Amino acid sequence: MPFAEPPASAAWQHRDARAGFEVLRTSRGQGIGWTLHGTTTAVENGTAWAVEYVIEVDDDWRTRRARVRHPLDGRPGEPAEVTLEKAADGRWLVNGRHVPAVDGCVDVDLESSAVTNALPVHRLRLDVDEAADAPAVYVRAADLTVDRLEQTYTRLPDNAAGRQCYAYAAPAFDFTARLVYDESGFVLDYPGLAVRRA
């Protein structure tokens, strides 16, 4: 069953791995697709950070471009902003430069955000027991460095409330979780990271 359109706004409490809060606004993009505009503020390992993002996806939830920044101008010696754009030929440009290591990725995944786990499930539209690789352009929260993150999603049977569930795995972090989504395809429960509050 396809997901409904996303809500105009949403919010998550970040917990366990960090203490913080994330707020999102959504809007129809210029022409087609959606724009996701959010901010996360958190304390992690005794360090406070804030990350603001704007992600543009097409109607099939393929990322076209993203801007991720430290709204408080970053830390000394670290970049305050990174821009990601998928060129017409499929290459990824990071701050205008081609980065071959992330070519082939369709999604962007932000360490700072629970929202970006919505992108692959919308795009893949998996049936129950179907699995897919979803490598992503990964942006770290603290320093905005960019890397490739191998990920897999496996559709599980819906939970008792009729919510879609997925087994998520990121082998580089030796991490697995069972993610529960709402009717619009946004994460409700991300064990160890975040829970939806609005």
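Shown above is the structure to which this text applies.
Report on the accompanying structure.

How each quantity is defined
Per chain, residue numbering runs from 1 following the sequence as it is written. Local features in a predicted model are, by the rule used here, given only for residues with pLDDT of at least 70; side-chain atom pairs are given and counted only at 80 or more, and totals for whole chains, interfaces and linings are based on all residues. No hydrogens and no water enter the side-chain calculation; it runs on all heavy atoms of the structure. Helix and strand assignments come from DSSP, with helices taken as H or I runs of at least 4 residues and strands as E runs of at least 2, each series counted from the N terminus. When DSSP locates at least two bridges between a pair of strands, those strands are taken to pair. Salt bridges are identified by distance alone: a Lys or Arg side-chain nitrogen within 4 Å of an Asp or Glu carboxyl oxygen. Buried residues are those whose accessible area, probed at 1.4 Å on protein chains only, stays under 20% of the maximum for their type, while exposed residues exceed 50% and partly exposed ones sit between those limits. Here, the term nonpolar core denotes a set of buried Ala, Val, Leu, Ile, Met, Phe, Trp, Tyr and Cys residues that are joined through side-chain atoms within 4.5 Å.

Let's shift gears to the environment of Ala167. Tracing the backbone through its elements, the reader meets Ala167 in strand E14 (residues 165-170). For the pair Ala167 and Arg178, spaced 11 residues apart in sequence, the C-alpha to C-alpha distance is 4.7 Å.

All right, on to the pairing of strand E3 (residues 34-44) then. Both strand E2 (residues 19-28) and E3 contribute to a ladder of 10 bridges, which runs antiparallel. Looking at E3, one finds that Leu24 is bridged to Gly38. Pairing between E3 and strand E4 (residues 47-57): 11 bridges, direction antiparallel. Bridge pairing links Gly38 to Tyr53 in E4. The hairpin turn running from E3 into E4, its antiparallel successor, is 2 residues long, and Asn45 in that turn takes a positive phi close to 50 degrees.

With that settled, consider the pattern of salt bridges. A full pass over the atoms with the stated rule returns 17 salt bridges. The closest approach of N and O atoms between Glu52 and Arg69, which form a salt bridge, is 2.6 Å. Pair noted here: Glu52 is in strand E4 and Arg69 is in strand E5 (residues 63-69), with a separation of 17 residues, a long-range link. Looking at Arg69, the relative accessible area reads 24%, which means it is partly exposed. Salt-bridge contacts for Arg196 lead to Asp182; the nearest nitrogen and oxygen are separated by 2.7 Å. Remark: Asp182 occurs in the loop between strand E15 (175-181) and strand E16 (187-190) and Arg196 occurs in strand E17 (residues 194-196); sequence separation between them is 14 residues.

Another aspect to go through is the nonpolar core. Core analysis: the largest hydrophobic core is formed by 49 residues, its most contacted members being Trp12, Leu84 and Tyr153. A total of 5 residues in this core trace back to one element, the largest contributor, which is E4.

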